[in-house]
Amino acid sequence: MHYISNDNFFKFLDKLKNTFNVFVPVKKDKQRFYKKYDTPREDIIIGEVRAFEPAKAFFSHAREIVAEGFKNTSPQMNKKPLAIVGVKACDLKGFKVQDHVFLNHDYKDPFYIRNRENNLIISADCTSAIDTCFCLAVGVTPYPEKDFDINLSSVEGGFIAETGSEKGKATIDAHANLFESVKTRAKSQKDEQRKKVTKDVERNIKENNVPRQESLKGIIEKNFESDIWKDEARACVECGACNTVCPTCHCFLLYDEKNKENLARLRIWDSCMIKDFARVAGGANPRAKLWMRLRNRFEKKFYYFPKVADFYACTGCGRCITACPAKIDIRKVLKRLVKGE
Ligand code: SF4
Ligand code: SF4
């Protein structure tokens, strides 16, 4: 465990720029967005809550060329790696889901591997919660406990930095002059801060009656033919925003595009809420109705994933609640599924 002052933290980021493309969360109005780090600026927010966009976008690009001119396109391995700073625990869980799909199976996605490899993940504790956060209900703490290289906890005048991997340790060792030993007062500030944010999320869960993950077992099988799906899907406008903002959604579509000289094959994010998502050649569609597609979205996260990976593919980040123009609220749907009414 180390302490780094605010001034030294920016010197640290400046040093990291030699090896990495460094990205930091920057606050604009009430939201935080990732921006490439250039020089110290006041609107860089390491604590608070998750960024607006899911951090999956760093590794699973929204749009990417995967083949050109009828030739296989090799991922360019010489790209400068990324140092992503201020990643929250819910996005670390999102990485776990994406890794399960693109990295830890028989087929290893070379583009995802290229984007994911050699990066430095510098996560950070949440220091506040927005009213849609319910991470603790699905077993994610609002402060990272694993799956990071370095984790930062905001304390007076700077941060406590903890290492979670050999790479993180080597990075701190290489910049040892910027770090100090941690004082007892800073340690208690970190613990107090974690207790406070835990209380904030617990209050959200209680106020919204969000079911705990222990009660989610079997909710999809039990409600497979329920009218809840039709009822909840009634307001859906099929925009796909719930999929796009979700750190765990990973479905993609391949399509071909021609410019003047070349034919290129592109991969873009897809949405299982859209009618043509599951349509096959000949026009048949196993999920022709919107309620079937809504059910499929929940089925994937709360039935299929626990079955194949032993964890729920939801991080409790609440992004889909904010993004949905129809105000379909995953917390409410889960509550109805647990009750079966
Ligand atoms: S389903 Fe909603 S709350 Fe769960 S991880 Fe996706 S965006 Fe976040
Ligand atoms: S964000 Fe809401 S309206 Fe849009 S597809 Fe998802 S559930 Fe439907």
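Residues numbered from 1 in each chain as written. Chains lettered and ligands numbered in written order. Predicted model: local features only at pLDDT ≥ 70, side-chain atom pairs only at ≥ 80, totals over all residues.

1. Some words on the overall build of the protein chain
- A tally of regular secondary structure across the protein chain gives eleven helices and eleven strands.
- The globule rule puts the C-alpha radius of gyration for 341 residues at 20 Å, and the 21 Å found for the protein chain is close to it.
- Taken over the C-alpha atoms alone, the protein chain extends approximately 65 × 60 × 40 Å along its principal axes.
- Taken across its 341 residues, the protein chain has 36% of its residues classed as buried.
- The long-range share in the protein chain, meaning contacts at least 24 apart out of those at least 6 apart in sequence, stands at 74%. (Helix = DSSP H or I, 4+ residues; strand = E, 2+ residues; numbered from the N terminus. Rg over C-alpha atoms; globule rule 2.2 N^0.38 Å. Buried ≥ 20, exposed ≤ 12 C-beta atoms within 10 Å, placed from the backbone. Contact = placed C-beta atoms within 7 Å.)

2. Thoughts on the nonpolar core
- V22, I84, V85, I122, C135 and F159 are the most contacted members of the largest nonpolar core, which has 77 residues in total.
- When residues are assigned to domains, this core turns out to be shared by domain 1 (2-207) and domain 2 (213-339), each giving three or more. (Core = buried A, V, L, I, M, F, W, Y, C linked by C-beta atoms within 7 Å. Domains from an automatic or database assignment.)

3. Focus on the domain arrangement of the protein chain
- By the assigned domains, the protein chain splits into domain 1 (2-207) and domain 2 (213-339).
- Here domain 1 and domain 2 have C-alpha centroids that lie 26 Å from each other.
- In this complex, domain 1 contributes 31 residues to the contact, which on the side of domain 2 involves 26 residues.
- Those elements that provide at least two residues to the side of domain 1 that touches domain 2 are β4 (63-68) and α2 (89-102).

4. A closer look at unusual backbone geometry
- The residue E48 is not glycine, and still its phi comes out positive at about 55 degrees.
- If you trace the backbone, E48 turns up in the loop between β3 (31-36) and β4.
- When the 20 C-beta atoms within 10 Å are taken as the criterion, E48 is described as buried.

5. Some remarks on the site of ligand 1
- In the vicinity of ligand 1, 13 residues are found, and the nearest of them are C246, C314, C317, R319 and C320.
- The residue inventory of the shell around ligand 1, partitioned by class, reads seven nonpolar, four polar and two charged. (Near = placed C-beta within 6 Å. Nonpolar A, V, L, I, M, F, W, Y, C, P; charged D, E, K, R; others polar.)

6. Thoughts on helix α9 (residues 290-309)
- A rise of 1.5 Å per residue sets the reference length of α9, with its 20 residues, at 28 Å; its end C-alpha atoms lie 27 Å apart and thus fit the reference within 8%.
- Considering bend angle alone, the principal kink of α9 is centred on E299 and spans about 45 degrees.
- Where α9 terminates, the next one or two residues include D310, which has phi positive at roughly 70 degrees. (Expected span 1.5 Å × (residues − 1). Bend = angle between axes of the 7 residues up to and from the residue.)

7. Notes on the sheet that holds strand β9 (residues 158-163)
- The strand order across the open sheet built from seven strands is β1-β9-β8-β7-β6-β2-β3, with neighbouring strands paired in mixed fashion. The sheet is open, and its two borders are formed by β1 (2-5) and β3, each paired with just one other strand. Each strand of the sheet is rotated relative to its neighbour by a mean of 25 degrees, with strand direction disregarded.
- Where strand β6 (residues 82-87) meets strand β7 (residues 120-124), four bridges bridge the pair, whose relative direction is parallel. Bridge pairing in β7 places V87 opposite S123. (Pairing = 2+ DSSP bridges. Axes fitted to C-alpha atoms, helices over the stretch in contact; angles between N-to-C directions.)

8. Side note on the environment of G158
- Among the secondary structure elements, G158 is positioned in strand β9.
- The partly exposed category is assigned to G158, around which 19 C-beta atoms lie within 10 Å.
- The sequence separation of G158 and D227 amounts to 69 residues, and the corresponding C-alpha distance is 52 Å.
- Excluding its chain neighbours within four sequence positions, the residues that come into contact with G158 are Y3, I4, S5, N6 and F9.

9. Things to note about the environment of I65
- Summarising the element assignment, I65 is placed in strand β4.
- I65 gets classed as partly exposed once you count the C-beta atoms within 10 Å, which come to 14.
- Residues I65 and E341, 276 residues apart in the sequence, show an inter-C-alpha distance of 45 Å.

10. A look at helix α5 (residues 184-207)
- Taking 1.5 Å per residue as the helical rise, α5 with its 24 residues ought to reach 34 Å, and the 35 Å between its terminal C-alpha atoms agrees with that figure.
- Along α5, the residues classified as buried are A186, K190, Q193, V197, V201 and N204.
- At its buried positions, α5 is contacted by β1, β8 (150-155) and β9.
- The positive-phi residue at the C-terminal boundary of α5 is N209, with phi of around 45 degrees.

11. Looking at the pairing of strand β11 (residues 263-269)
- Note: β4 against β11, five bridges, orientation antiparallel. Residue pairing for β11: I65 is matched across the bridge by L266.
- As paired elements, strand β10 (residues 252-258) and β11 share seven bridges and run antiparallel to each other. Bridging from a neighbouring strand, F252 pairs with W269 of β11.
- The turn joining β10 and β11, which pair antiparallel and follow one another in sequence, is formed by four residues.

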